[in-house]
Amino acid sequence: MSNYPFTLADINFVPAGVRSPESRYVEGSTEAVKNYEPEIRSVRIANGRVEQDLFKLDTHGFELVPHSTALGAVEDAAHPDIAEIYEPEIDRLLKAATGADDVLIFDHTIRIAGNRNGRRPVFQAHNDYTETSAPQRVAQLIGDKDAARRFDGRVAQVNVWRPLKGPVQALPLAVADARTVDPYDLRKSALVYPGRVGETYHLTYSPRQRWTYFPEMTTDEVLLLKGYDSATDGRSRFTPHTAFEHPETRADAPARHSIETRTFLFFNA
Ligand code: OGA
Ligand code: FE
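Predicted model only: the values in this text are computed from it and were never measured.

Undergrad: Sorry if this is basic, but what is going on with the overall build of the protein chain here?
TA: Summing up its helical and strand segments, the protein chain has three helices and 15 strands in all. Computed over its C-alpha atoms, the radius of gyration of the protein chain comes to 18 Å, within 12% of the 18 Å expected for a compact globule of 269 residues. Projected onto the principal axes, the alpha-carbon positions of the protein chain cover approximately 50 × 45 × 40 Å. Looking at the protein chain as a whole, 49% of its 269 residues are labelled buried. Considering only residue pairs separated by 6 or more positions, the protein chain has 80% of its internal contacts joining residues 24 or more positions apart. Split by element, the accessible area of the protein chain, about 12700 Å² in all, is 48% carbon and sulfur. Charge separation in the protein chain, taken as the distance between the mean sites of 32 positive and 38 negative side-chain charges, equals 3 Å.

Undergrad: Teacher, can you tell me more about the nonpolar core here?
TA: Burial of nonpolar side chains together is a common tendency in soluble globular proteins. Membership of the largest hydrophobic core comes to 26 residues, with the highest contact counts inside it found for I11, F13, I45, L203, W211 and F264. Excluding anything up to four places from it in sequence, F13 contacts Y36, P38, E39, R41, V43, Q124, A125, L203, T204, Y205, Q209 and W211. Among the nonpolar cores identified, the runner-up in size contains 23 residues, and V65, Y86, V222 and F267 belong to it.

Undergrad: What is the right way to read helix α2 (residues 133–142) from this model?
TA: Note: α-helices contain 3.6 residues per turn, so residues at a spacing of three or four share the same orientation. Of the positions making up α2, those classed as buried are S133, A134, V138 and A139. Residue G143 follows α2 closely and has a positive phi angle near 90°.

Undergrad: Even after reading the chapter, I still don't get the side chain of R162, so can you show me in this structure?
TA: One can find R162 in strand β8 (residues 154–163). E89 is the oppositely charged side chain nearest to the buried, salt-bridge-free R162, at an N-O distance of 5.0 Å. One polar contact links R162 to H67, side chain to side chain, over a distance of 2.6 Å. At 2.7 Å, the side chain of R162 and the side chain of Y86 are in polar contact. In contact with R162, not counting residues within four places along its chain, are H67, S68, T69, Y86, I90, T219, D220, E221, V222, H257, S258 and I259.

Undergrad: Would you take a moment to explain the sheet that holds strand β13 (residues 221–229) for this structure?
TA: Pairing between the strands of a sheet is mediated by backbone hydrogen bonds and can be parallel or antiparallel. Taken in spatial order, the five strands line up as β5-β13-β8-β15-β6 in an open sheet, and their pairing is antiparallel. Strand pairing shows two members of the sheet lacking a second neighbour, β5 (62–66) and β6 (102–112), which therefore form its edges. Ignoring strand direction, the axes of neighbouring strands in this sheet form an average angle of 25°. In terms of strand pairing, β5 meets β13 through five bridges, oriented antiparallel. Each bridged residue has a counterpart across the sheet, and for P66 the counterpart in β13 is E221. In the packing of helix α1 (residues 80–98) onto the sheet, the strands contacted are β5, β6, β8, β13 and β15 (257–267), and the crossing angle to β6 comes to about 120°. Where α2 meets the sheet, it contacts β6, β8, β13 and β15, and its direction lies at approximately 85° from that of β15.

Undergrad: Honestly, unusual backbone geometry in this entry has me stumped. Any pointers?
TA: Glycine aside, the phi torsion of most residues is negative, and most peptide linkages are trans. A cis amide bond, omega -10°, links G166 with the succeeding residue P167. As for its position among the elements, P167 is in the loop between β8 and β9 (173–176). Phi angles above zero are rare outside glycine, and L171 is one such case at about 55°. In the Ramachandran plot, E216 falls in the positive-phi region, its phi being about 55° despite a non-glycine side chain. With respect to the helices and strands, the residue E216 is situated in the loop between β12 (211–213) and β13.

About the thresholds
Residues numbered from 1 in each chain as written. Chains lettered and ligands numbered in written order. Predicted model: local features only at pLDDT ≥ 70, side-chain atom pairs only at ≥ 80, totals over all residues. Heavy atoms only, no water. Helix = DSSP H or I, 4+ residues; strand = E, 2+ residues; numbered from the N terminus. Rg over C-alpha atoms; globule rule 2.2 N^0.38 Å. Buried < 20%, exposed > 50% of the residue type's maximum accessible area, 1.4 Å probe, protein only. Contact = heavy atoms within 4.5 Å. Areas by Shrake-Rupley, 256 points an atom, 1.4 Å probe, with all protein chains shown as cover. Lys, Arg positive; Asp, Glu negative; His and termini not counted. Charge placed at Lys NZ, Arg CZ, Asp CG, Glu CD. Core = buried A, V, L, I, M, F, W, Y, C linked by side-chain atoms within 4.5 Å. Salt bridge = Lys/Arg side-chain N within 4 Å of Asp/Glu carboxyl O. Polar contact = N/O pair within 3.5 Å; in protein donor to acceptor, adjacent residues only side chain to side chain. Pairing = 2+ DSSP bridges. Axes fitted to C-alpha atoms, helices over the stretch in contact; angles between N-to-C directions.

Pasting the structure below:
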């Protein structure tokens, strides 16, 4: 399956007529209740392996980076190895890959397909932060004063997505080339949790969007994904992504296990 130049697969979008999509998470459930029916589109998803080194974080919004880890196949985001082993590795990786002066690691999400109680792959084209929720998150994490100082320089939000078991066969991650996503396609979407409201973008379909995935990602590779950039100089800012069901997946393929690490990168003025 990794030799085909592209595949056709279904992706869930927000219907163009829905102005204010909303997802509600009720206590004790990991399933969101949405205020709309997703629009399912069959989309051409290019095999990024064909020109793997072409994709750059600041241009396309995503970049595949070879990177091995001493972290094993943990299943709990609170596992002590994540703070002790994984975070220092990710800090070094991001500084080397982006030239960031400082890296703030603030969240790890482990997703296991079929997981009953925990997080699972997401079937919804989305971007994790918005123009407003990204700076708000920085301020929540480091306080208003330090946040204001950081925004004198450049601030970027980057996810580091890695298989915890490899190679990934079922439910890989598709990413949209940030240059092909119009602001109109990005719908502010409220994520309503008990006691907290988050804001992300959910994506409306457009034929201009170009999708890519990297077949059979291994545990020695990460996908960097840009969720926000304070710079408005033409570089990537928002990079929609989603899990998808690859039509060629074998019925006995192992469940996808992945970890995504959320970070802010700070560049001095
Ligand atoms: C992410 C994300 C979904 C998935 O890394 O931000 O949305 O299915 N991942 O891994
Ligand atoms: Fe996401």
